[in-house]
Amino acid sequence: MAQTAPTPSGLPSVSFAQPESDTGQDERDAAIQAFRDVRAETERRAACLSAEDQVVQSMPDASPTKWHRAHTTWFFEQFLLAPQAVGYRPFDARFAYLFNSYYVAAGPRHARPKRGLLTRPSAAEVAAYRAHVDAAVATLVLEAASDRIGEILRVLEIGLHHEQQHQELILTDILHAFAENPDAPVYDPDWHMPRPDGRDGAVDLAEGIRTVGHQTKEFCFDNEQPAHRALVGPVAIARGLVTNADWLGFMNDGGYARPELWLSDGWATVAAEGWSAPGYWREADGRWLALTLAGLAPVDPALPVCHVSYYEADAYARWAGKHLPSETEWEVAARGAELGGAFGSVWQWTRSAYSPYPGYRPVEGALGEYNGKFMVNQMVLRGSSCATPRGHARASYRNFFYPAARWQFSGLRLADFSS
Ligand SMILES: [Fe+2]
């Protein structure tokens, strides 16, 4: 079932590696427990779905649940077991081709848009694959020599955060698939969008040079570093998220039919996609319904608007006479813990293009392909969503998607320079 609890700022992330200290039995036990917890959460999310549900791929950007379960397993096999577990034999030599996503250095791979054509291996075989790798990883962590355990735990930690990212995708991708089904299937009848703090007003950030980026010894992805100084403000960041009621105001004012509100690429996308409302909205008998993970439900005016693209977020901000915050503005405001719904509700589009921080270096080796090679043509989202696993969010986290994407749980808050 979907996790619905908000993830407040400051929750500890999945973290156990202490490479600067001797890694004793306690650290190994903690690592194995964290590994089992994360692996179990993936299976918990998949358990709501039948074997047939787990095969479908509704668009090239979305992957089947079965593929997510296998790919996250391949990640540990490829980057942890193969280089570190002496004598390890892959569960099935064919799986490296099927379940490599985009790692060129790891070898050739199946075409992404065709993942939904993989009726074999079966969901049961993927479960056996997961069990095989689970056992091998636990053995490796327990038995590794003391001079290897630091590197093993470093890669294990990356693998866990990687798997958590795919846990979110399991939910967003199956919702997109279910939206193609005229019967509007239910993923989890108990799922609900958490109601974010209803904070009014804005956080005023005075002009100043502030440090942004990851600044602690907790885990982060390489794209959150290095921490650096940036000029911020003066700007006012809304404490509250834009709501469905707000969005209906935009729609009722002809927002989707007024080219002056839209970026050129956005206006072309509106025409090409026929957008007239957020993703998964349907009009029936004069009222708006939205497909959610709990099935079709009336649009709740008080909830944050969700499943909007960057193009739509930008057009809304222009209509409102305001702007989207930059990612640095967002981070400074979030660190002050003054933003309502910063975490656990909807990711928030920023006006920042996804690019490297000054001095950015990708990690060494094939895992250097994780983030750096995507740093063009995408926009940054900050915060986390209702689909983000507990413990995966932090103020420096940089999510990124193409500006037309709206199958994630993506919304917005506004910024104003005029106050
Ligand atoms: Fe992946």
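Residues numbered from 1 in each chain as written. Predicted model: local features only at pLDDT ≥ 70, side-chain atom pairs only at ≥ 80, totals over all residues. Heavy atoms only, no water.

Trainee: Explain the side chain of Glu163 here, please?
Mentor: Position of Glu163 among the secondary structure elements: in helix α5 (residues 149-178). Polar side-chain contacts of Glu163 include one of 2.9 Å to the side chain of Arg39. When neighbours within four sequence positions are excluded, Glu163 is seen to be in contact with Val38, Arg39, Thr42, Thr72, Phe76 and Arg130. (Helix = DSSP H or I, 4+ residues; strand = E, 2+ residues; numbered from the N terminus. Polar contact = N/O pair within 3.5 Å; in protein donor to acceptor, adjacent residues only side chain to side chain. Contact = heavy atoms within 4.5 Å.)

Trainee: In this structure, what is going on with the pairing of strand β4 (residues 235-238)? I would like to understand it.
Mentor: Looking along a regular strand, one sees the side chains alternate between the two faces of the sheet. Here β4 shows two buried faces, one formed by Val235 and Ile237 and the other by Ala236 and Ala238. Summarising the sheet, strand β1 (residues 202-205) and β4 pair through four bridges and their orientation is antiparallel. Bridging from a neighbouring strand, Asp204 pairs with Ala236 of β4. (Buried < 20%, exposed > 50% of the residue type's maximum accessible area, 1.4 Å probe, protein only. Pairing = 2+ DSSP bridges.)

Trainee: When you look at the nonpolar core in this model, what are you seeing that I'm missing?
Mentor: In globular proteins that are soluble, nonpolar side chains generally tend to be buried together. Counting residues in hydrophobic clusters, the biggest one holds 95 residues, and the most contacted among them are Val137, Val141, Leu156, Trp247, Phe409 and Leu412. Ranked by residues supplied to this core, first place goes to α5 with 13 residues. If near-sequence neighbours (up to four positions away) are discounted, Val137 is found in contact with Phe35, Phe76, Leu80, Leu81 and Leu156. Of all hydrophobic cores here, the second largest spans 16 residues; its members include Ala230, Ile237, Val332 and Leu339. (Core = buried A, V, L, I, M, F, W, Y, C linked by side-chain atoms within 4.5 Å.)

Trainee: Can you help me understand the sheet that holds strand β7 (residues 295-298) in this one?
Mentor: Across the sheet, which stays open at both edges, the three strands sit in the order β5-β6-β7 with antiparallel pairing between neighbours. In this open sheet, the two strands that pair with only one neighbour each are β5 (281-284) and β7. Within the sheet, the average angular offset between the axes of one strand and its neighbour, ignoring direction, is 35°. Both β5 and strand β6 (residues 287-292) contribute to a ladder of four bridges, which runs antiparallel. Bridged to Ala284 within β6 is Arg287. (Axes fitted to C-alpha atoms, helices over the stretch in contact; angles between N-to-C directions.)

Trainee: How do you make sense of the coordination of the iron ion when you look at a structure like this?
Mentor: Reference values for coordination geometry: four tetrahedral donors around a metal ideally subtend 109.5 degrees, six octahedral donors ideally subtend 90 or 180 degrees. Those donors, His71 (NE2), His162 (NE2) and His166 (NE2), are the protein atoms that reach the iron ion, and they lie 2.1 to 2.2 Å from it. Positions of the donor residues of the iron ion, expressed as sequence spacing, correspond to H-x90-H-x3-H. On the criterion of helical spacing, the pair formed by His162 and His166 is a turn pair, its members being four residues apart in helix α5. The buried category is assigned to His162, whose relative accessible area is 3%. (Donors = N, O, S within 2.8 Å, 3.2 Å for Na, K, Ca; no water.)

Trainee: Help me understand the environment of Asp37 in this model?
Mentor: Along the chain, Asp37 falls in helix α1 (residues 25-46). For Asp37, a relative accessible area of 44% puts it in the partly exposed group. It is 12 Å that separates the C-alpha atoms of Asp37 and Gln167, two residues lying 130 residues apart in sequence.

Trainee: In this structure, what is going on with the sheet that holds strand β10 (residues 399-401)? I would like to understand it.
Mentor: Backbone hydrogen bonds hold the strands of a sheet together, and the pairing may be parallel or antiparallel. Strands sit in the order β10-β9-β8-β11 across an open sheet of four strands; the sheet is mixed. Two strands lie at the open edges of the sheet, namely β10 and β11 (410-411), each paired on one side alone. As paired elements, strand β8 (residues 347-353) and β11 share two bridges and run parallel to each other. Each residue of the ladder has a partner; that of Trp347, found in β11, is Ser410. On top of the sheet, helix α9 (residues 327-335) reaches β8 and β9 (379-382); it is set at about 135° to β8, its chief contact.

Trainee: Looking at this structure, I do not really get the state of the cysteines. What am I missing?
Mentor: Here, the word disulfide means a covalent bond between the sulfur atoms of two cysteines. Summed over the entire model, instances satisfying the criterion amount to zero disulfides. Lacking any disulfide linkage, Cys48 is separated from the closest cysteine sulfur, that of Cys386, by 14 Å. Taking relative accessible area as the criterion, Cys48 reaches 19% and is therefore assigned buried. (Disulfide = S-S within 2.5 Å.)

Trainee: It is not clear to me how the pairing of β8 should be interpreted in this structure. Could you clarify?
Mentor: Counting buried residues in β8 gives five out of seven residues, a clear majority hidden from the surface. In this sheet, β9 lies alongside β8 in antiparallel orientation, the contact comprising three bridges. Note that in β9 the partner of Gln348 across the bridge is Arg382.

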